[in-house]
Amino acid sequence: MANIIELKVPDLGGSHDVPVIEILVKPGDTVIKEQSLITLESDKATMDIPASQGGTIVDIKIKLGDEVNEGTVIATIEVAAAVDTGKPVGEKVVGQATTAAAAAPIAAAPAPAPAVTAPKAAGASGRTADIECELVVLGSGPGGYTAAFRGADIGMDVVLIERYESLGGVCLNVGCIPSKALLHASAVIEEAEAIAAHGITFGKPQIDLDKLRDFKTKVVGKLTGGLASMAKQRKVRTVTGVGMFISPHEIEVTTKDGVKLVRFQKAIIAAGSQSVKLPSFPWDDDRVIDSTGALELRDVPKKLLVVGGGIIGLEMATVYASLGAEVTVVELADQLMPGADIDLVKPLQARIAKRYKGIHLKTKVVAAKAEKQGIVITFEGESIPETTVFDRVLVSVGRSPNGNKVGADKAGVEVTDRGFIPVDKQMRTNVPHIFAIGDLVGQPMLAHKATHEAKVAAEAAHGEKSFFDARVIPSVAYTDPEIAWVGVTEREAKEKGLKVGVGKFPWAASGRAIGIDRTEGFTKLIFDEETHRIVGAGIVGVHAGDLISELALAIEMGAEAGDIGRTVHPHPTLGESVGMAAEVYEGTITDLYIPKKK
């Protein structure tokens, strides 16, 4: 006798309506526990969803492009009857298959799956602490250092633990900041080439990689050095090493000088995330790189494959293409940047399609082998690249949270099977004196979200009535052109049946965009039809990331279309496209002729 079990999507760390970009199994496949079933992609994160029980796949309940949430049924599997099917979270017995004719299916509905239970905390070590403090912060990324500094500013005795020599975490050292330094160099190259059409010729750029790397390093050094200085000014003690909880009030830090015991009253976990490494790639070969490896800029490969058409992959593709690499991008979904509206993505795709060797959607890598001549790739899907041998392969399929890598269970802190740590509006975990922020508390995995959560956590740890209640969090892709969006997307509004109206102003009618010869962009505002309040926005074009802030503020303040349209914007600027998009919605635009609807 065997049981038929539903496998469901587990806790997604607060994310909702996450697109399915890959289905890794099919009916008849035998899977083991923790084997990946599907891949989801949202904003900057891609995550594999594992099987919570082994068995044989009976039926797949979802398809590519579906949007799923916690509890969505992925598949049904057949498992041996001896397996305990009543305990694991995310499973429900829906029936039984049997070879015995007399056996009957289960008639009664099963009890609901039990809630995740907190792990039992370890007891105190009883050892003398090397360091004692009121507040310890584990991780010094934008969230971690902000939490430490805010805690110190309001009078707390703070210790900041960081595994690397420099403060700043992934974002400052091997993420947001160095990538933007390289993207600036890329933009200069592209602009110099483009201006030739208007009578100014600079000639082919001469790339000195050593100097470019030095520029990137200096940018990072200036910021990380500033953090170290501010930590001293605030009397925040820093400990360099790998920190792990060993009890609810103790962390062991493995440093170059040995293990140090830190005893604390309150803690904020800000341990971030790491790049997802797909097992099908030969990671022992240095020609296969993640985003960190891409930022090292070891060389400019003749042929570069970028696996993953999300924000990070496309940003790095922008850099390498400008430096002279022949770039091929493969993406499993049916569009680049699946989290963004398709109309925002189209101008970017049209521009890079002329510059890259190829952009291949609905395509995946099924095998990668390291050979002397390069990394040999086998593809599967609707659009197979001509090139199959690459000098370098950048795998950029998202990031996974580090919640399971800090010994949180020893402190009694709940962590999901995906590594997320559930928190409340004060960023408090199930353990009242321990808080968590940033990537490991859920989507979106963005530095600017972490910094705001950090201030809330520090203030709450100090006993203040502080809560994280941001209405919206903007997303930006620093590609060329940039893409930025905030709030409700047009696609999301349609899928949820929201009654919204759209005002879109094309940059082809913008004096500023025409003057800089970048008219491919547009500004789109989304309004609630009943209240005329703005609920979402999207911008594609140069400097879109700088422009989106006004719209995030407008949503936070509950601005109506009239408020935005009647706000005097300077002329000629790209920013005035925001006001004009509102005028398009209101029907008061004079910079375009839009016939009245009959």
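Parameters at a glance
- Each chain carries its own residue numbering, running from 1 in the direction its sequence is written.
- Per-residue local features are limited, in this predicted model, to residues with pLDDT of at least 70; the limit for side-chain atom pairs, both in listing and counting, is 80 or more; totals at the level of whole chains, interfaces and linings are taken over all residues.
- To get the side-chain values, take all heavy atoms of the structure and skip hydrogens and water.
- Cysteine sulfur pairs qualify as disulfides if the two atoms are within 2.5 Å.
- Partly exposed describes any residue whose relative accessible area lies between the buried limit of under 20% and the exposed limit of over 50%, with all areas from a 1.4 Å probe on protein chains only and scaled to the type maximum.
- Whenever Lys or Arg places a side-chain nitrogen within 4 Å of a carboxyl oxygen from Asp or Glu, that contact is recorded as a salt bridge.
- The numbering of helices and of strands both runs from the N terminus, where a helix is a DSSP run of H or I of at least 4 residues and a strand a run of E of at least 2.
- Following DSSP output, two strands are said to pair if at least two bridges run between them.
- If you view a crossover with the strands going away from you and the path from the first strand over the helix to the second runs clockwise, you call it right-handed.
- Under the convention used throughout, the expected extent of a helix is 1.5 Å for every residue step, that is, one less than its residue count.
- Contacts are residue-level and defined by heavy atoms, with any inter-residue pair within 4.5 Å sufficient.
- Among the buried residues, those of types Ala, Val, Leu, Ile, Met, Phe, Trp, Tyr and Cys that are joined through side-chain atoms within 4.5 Å form a nonpolar core.
- Between the rings of Phe, Tyr and Trp (Trp by its six-membered ring), a pair exists once the centres lie within 6.5 Å; its type follows the angle of the planes, with under 30 degrees stacked, over 60 edge-to-face, and the other angles tilted.
- Here, over-ring charges are defined by two tests on the NZ atom of lysine or the CZ atom of arginine: distance to the ring centre within 6 Å, and angle to the ring normal within 35 degrees.
- Lines fitted to C-alpha atoms define the axes, with helix axes restricted to the stretch in contact, and inter-axis angles between N-to-C directions lie between 0 and 180 degrees.
- Note that the term roughly parallel is reserved for angles under 35 degrees, roughly antiparallel for angles over 145, roughly perpendicular for angles of 65 to 115, and oblique for everything else.
- Take the far helix as your reference; a near helix turned counterclockwise from it by less than a right angle gives a left-handed crossing, and one turned clockwise gives a right-handed crossing.
- Each residue is assigned to one class: nonpolar for Ala, Val, Leu, Ile, Met, Phe, Trp, Tyr, Cys and Pro, charged for Asp, Glu, Lys and Arg, and polar for all the others, Gly among them.
- Each residue carries a pLDDT value, the predictor's own confidence for that position, ranging from 0 to 100.

1. Topic: the state of the cysteines
By definition, a disulfide is the covalent link that joins the sulfur atoms of two cysteine residues. Taken as a whole and assessed by the stated rule, the structure comprises 1 disulfide. The side chain of C171 participates in a disulfide bridge whose partner is C176; the two sulfur atoms lie 2.3 Å from each other. Residues C171 and C176 are joined by a disulfide whose S-S torsion is about -130 degrees; by sign, that bridge is left-handed. Judged by relative accessible area, C176 falls into the partly exposed class, the value being 25%.

2. Looking at the pattern of salt bridges
The final tally for this structure, using the stated rule, is 34 salt bridges. Among the ionic pairs, R518 bridges to D480, the shortest N-O distance being 2.7 Å. One end of the pair, R518, is in the loop between helix 10 (511–515) and strand 30 (522–528); the other, D480, is in the loop between strand 27 (475–477) and strand 28 (482–487), and 38 residues separate them in sequence. E490 is paired through a salt bridge with K524; the nearest N and O atoms lie 3.0 Å apart. Taken together, the residues span a long stretch of sequence, with E490 in helix 9 (residues 490–495) and K524 in strand 30 at a distance of 34 residues. Under the relative-accessibility criterion, K524 is labelled buried at 0%. Through salt bridges with shared partners, a single ionic network connects D341, D343, E490, K504 and K524.

3. Re unusual backbone geometry
Cis geometry is adopted by the peptide bond preceding P444, which originates at Q443 and carries an omega value of -5 degrees. Within the element layout of this structure, P444 appears in the loop between strand 26 (434–436) and helix 8 (447–461). Note that the residue after H571, namely P572, is joined by a cis bond; omega there is 0 degrees. Positioned with a positive phi, K235 is a non-glycine residue whose angle comes to about 65 degrees. Positionally, K235 belongs in the loop between helix 4 (209–233) and strand 12 (237–240). The phi dihedral of L297 falls on the positive side, at around 50 degrees, and the residue is not glycine.

4. What to know about the sheet that holds strand 22 (residues 374–381)
Overall, antiparallel pairing links the 3 strands, which are arranged 21-22-23 in an open sheet. Each edge of the open sheet carries a strand with a single partner, namely strand 21 (363–371) and strand 23 (389–390). Pairing of strand 21 with strand 22 involves 8 bridges; the strand directions are antiparallel. Residue A368 lies in a different strand from strand 22, and its bridge partner there is I377.

5. Re the pairing of strand 19 (residues 326–331)
Among the 6 residues that make up strand 19, 5 are buried, leaving the element largely enclosed by the rest of the structure. Two strands pair when backbone bridges link them, and strand 18 (residues 303–307) and strand 19 are joined in this way by 5 bridges, in the parallel orientation. Residue pairing for strand 19: L304 is matched across the bridge by V327. At this point the chain moves from strand 18, through helix 6 (residues 311–323), to the parallel strand 19, and the crossover so formed is right-handed. The pairing of strand 19 with strand 20 (residues 358–361) spans 4 bridges and is parallel. Bridging from a neighbouring strand, V330 pairs with H360 of strand 20.

6. Section: helix 4
Its 25 residues give helix 4 an end-to-end C-alpha distance of 36 Å, which sits within 8% of 36 Å, the value for a rise of 1.5 Å per residue. Looking at helix 4, one finds that the buried residues are L209, L212, K216, V220, T224, L227 and A231. Residues of helix 4 that are buried make contact with helix 1 (142–153), helix 2 (169–174), helix 3 (176–194), strand 12, helix 5 (291–296) and helix 6. A positive backbone phi angle near 65 degrees is found at K235, which sits one or two residues after helix 4.

7. Quick notes on the nonpolar core
One finds V136, I161, F245 and I268 to be the most contacted residues of the largest nonpolar core, which totals 53 residues. Among all residues touching I268, those that are not within four sequence positions of it are L135, V136, V137, L138, A147, F435, I437, A457 and A458. Ranked by size, the runner-up nonpolar core spans 38 residues in total, among them L209, I352, A477 and V540.

8. Let's talk about the packing of aromatic side chains
Per the stated rule, a full pass over the model turns up 5 aromatic pairs. Ring plane angle 80 degrees and centroid distance 5.9 Å describe the contact between F245 and F264, whose orientation is recorded as edge-to-face. Remark: F264 occurs in strand 15 (residues 258–269) and F245 occurs in strand 13 (residues 242–247); sequence separation between them is 19 residues. Looking at F264, the relative accessible area reads 3%, which means it is buried. The ring of F522 has K504 lying over it, and the distance from NZ or CZ to the ring centre is 4.4 Å.

9. Side note on the packing of helix 3 against helix 4
Following both chains from N to C, one finds helix 3 and helix 4 inclined at 140 degrees, their axes separated by 9 Å at the closest point. Between helix 3 and helix 4, the crossing angle belongs to the class labelled oblique. Considering how the two elements wind past one another, helix 3 and helix 4 form a crossing that is right-handed. Residue-level inspection shows I177, P178, A181, L182, H184 and A185 of helix 3 in contact with helix 4, the latter providing L212, F215, K216, V219, V220 and L223. Residues belonging to the contact of helix 3 with helix 4 are distributed by class as follows: 10 nonpolar, 1 polar and 1 charged.

10. Let's talk about the confidence of the model for the protein chain
Confidence in the prediction for the protein chain averages 90 pLDDT; 91% of positions are at 70 or higher. Below pLDDT 50 for its whole length, residues 82–115 participates in 46 contacts with residues either more than four positions away or in separate chains.

11. Looking at the sheet that holds strand 27
Strand pairing in a sheet is mediated by backbone hydrogen bonds. Such pairs are either parallel or antiparallel. Here 5 strands make up an open sheet; going across it, the order is 27-28-31-30-29 and the pairing antiparallel. The sheet is open, and its two borders are formed by strand 27 and strand 29 (500–506), each paired with just one other strand. Taken pair by pair, the neighbouring strands of this sheet meet at an average axis angle of 10 degrees, ignoring direction. Here strand 29 pairs with strand 30 via 7 bridges, running antiparallel. For K504, the partnering residue across the bridge sits in strand 30 and is K524. Against the sheet, helix 11 (residues 544–556) touches strand 27, strand 28, strand 30 and strand 31 (534–541), its axis set at about 175 degrees to strand 31. Strand contacts of helix 13 (residues 576–586): strand 29 and strand 30, with the helix running at about 130 degrees to strand 29, the strand carrying the most contacts.

12. A look at the packing of helix 3 against helix 6
Running from N to C, helix 3 and helix 6 cross one another at 45 degrees; their axes reach a closest spacing of 9 Å. One element, helix 3, and the other, helix 6, form an angle in the oblique class. Both helix 3 and helix 6 take part in a crossing whose hand is left-handed. Facing S179, K180, L182, L183, S186, I189 and E190 of helix 3, the residues of helix 6 in contact are E315, M316, T318, V319, S322 and L323. Among the residues forming the contact of helix 3 with helix 6, the class breakdown is 6 nonpolar, 4 polar and 3 charged.

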